[in-house]
Amino acid sequence: QIFALSLIILSAKISKADGVVTKDELLAIKEKLNIPDDEIDNVSKVFNVAKQDDLGFEPYAQQISQIYSKNKTALVEVLNILLLFCPNENYSRIA
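This one's a predicted model, so the numbers in the text were calculated from it and none came from an experiment.

Considering the overall build of the protein
For step 1, the next point in the chain: Regarding its fold elements, the protein presents 5 helices and 0 strands.
For step 2, the next point in the chain: Each helix and strand of the protein, ordered N terminal to C terminal, gives the series α-α-α-α-α.
For step 3, the next point in the chain: In the protein, which comprises 95 residues, the share counted as buried stands at 27%.
For step 4, the next point in the chain: Within the protein, residue pairs in contact and separated by at least 24 positions form 68% of the contacts whose partners lie at least 6 positions apart.
For step 5, the next point in the chain: Summed over its atoms, the accessible surface of the protein is roughly 6,300 Å², and 54% of this surface lies on carbon and sulfur atoms.

As structure tokens, this is what we get:
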């Protein structure tokens, strides 16, 4: 659950970079993290608070990196999920 929360917050920080957070971005998080329909409102609230605060993405990225330093598969999946929020649609899956 810490992984999902950190990833939701990190995704909000990254998606904020292009200035617009879309419903599609929230749905992508829901799908990738297998969030139940009855939790999407809570995810949306966390996402919106995270994108509004002034703290950058670095602390969250660092936390995920430390927790999963020995699980490269998890870190690659984090990157794949974050690529969903990149404004450049020419990126493809890393793995």
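The discussion continues.
Examining the nonpolar core
For step 1, the next point in the chain: Judged by nonpolar contacts, the single largest core of 17 residues is most densely connected at Leu-7, Ile-8, Ile-29 and Leu-33.
For step 2, the next point in the chain: Elements with a contribution of two residues or more to this core: α1 (2–16), α2 (23–32), α3 (40–52), α4 (58–67) and α5 (72–83).
For step 3, the next point in the chain: Per element, the largest residue contribution to this core is 5 residues, and it comes from α1.
For step 4, the next point in the chain: Once residues lying within four places of it in the same chain are set aside, the contact partners of Leu-7 are Leu-33, Ile-64, Val-78, Ile-81 and Leu-82.

Topic: unusual backbone geometry
For step 1, the next point in the chain: Within the chain, Asn-34 stands out as a residue other than glycine whose phi angle is a positive 55°.
For step 2, the next point in the chain: Positionally, Asn-34 belongs in the loop between α2 and α3.

Thoughts on the packing of α1 against α5
For step 1, the next point in the chain: Close contact between α1 and α5 brings their axes to 10 Å; oriented N to C, the two are set at 35°. Here α1 runs over α5; the crossing is right-handed. Taking contact as the criterion, the partners of Phe-3, Leu-7, Leu-10, Ser-11 and Ile-14 in α1 are, on α5, Ala-74, Val-78, Ile-81 and Leu-82.
For step 2, the next point in the chain: Across the contact of α1 with α5, the residue classes break down as 8 nonpolar, 1 polar and no charged.

With respect to the packing of α1 against α3
For step 1, the next point in the chain: Packing of α1 against α3 brings their axes to within 8 Å, and their N-to-C directions diverge by 50°. Judged on the interaxial angle alone, α3 and α1 are oblique. α3 is crossed by α1, and the crossing has right-handed handedness. Counted together, Leu-5, Ile-8, Ile-9, Ser-11, Ala-12, Lys-13, Ser-15 and Lys-16 of α1 and Val-43, Val-46, Phe-47, Ala-50, Lys-51 and Gln-52 of α3 form the full contact between these two elements.

Rules behind the numbers
- Residues numbered from 1 in each chain as written.
- Predicted model: local features only at pLDDT ≥ 70, side-chain atom pairs only at ≥ 80, totals over all residues.
- Heavy atoms only, no water.
- Helix = DSSP H or I, 4+ residues; strand = E, 2+ residues; numbered from the N terminus.
- Buried < 20%, exposed > 50% of the residue type's maximum accessible area, 1.4 Å probe, protein only.
- Contact = heavy atoms within 4.5 Å.
- Areas by Shrake-Rupley, 256 points an atom, 1.4 Å probe, with all protein chains shown as cover.
- Core = buried A, V, L, I, M, F, W, Y, C linked by side-chain atoms within 4.5 Å.
- Axes fitted to C-alpha atoms, helices over the stretch in contact; angles between N-to-C directions.
- Left-handed = near helix turned anticlockwise from the far one by under 90°.
- Nonpolar A, V, L, I, M, F, W, Y, C, P; charged D, E, K, R; others polar.
- Parallel < 35°, antiparallel > 145°, perpendicular 65-115°, else oblique.

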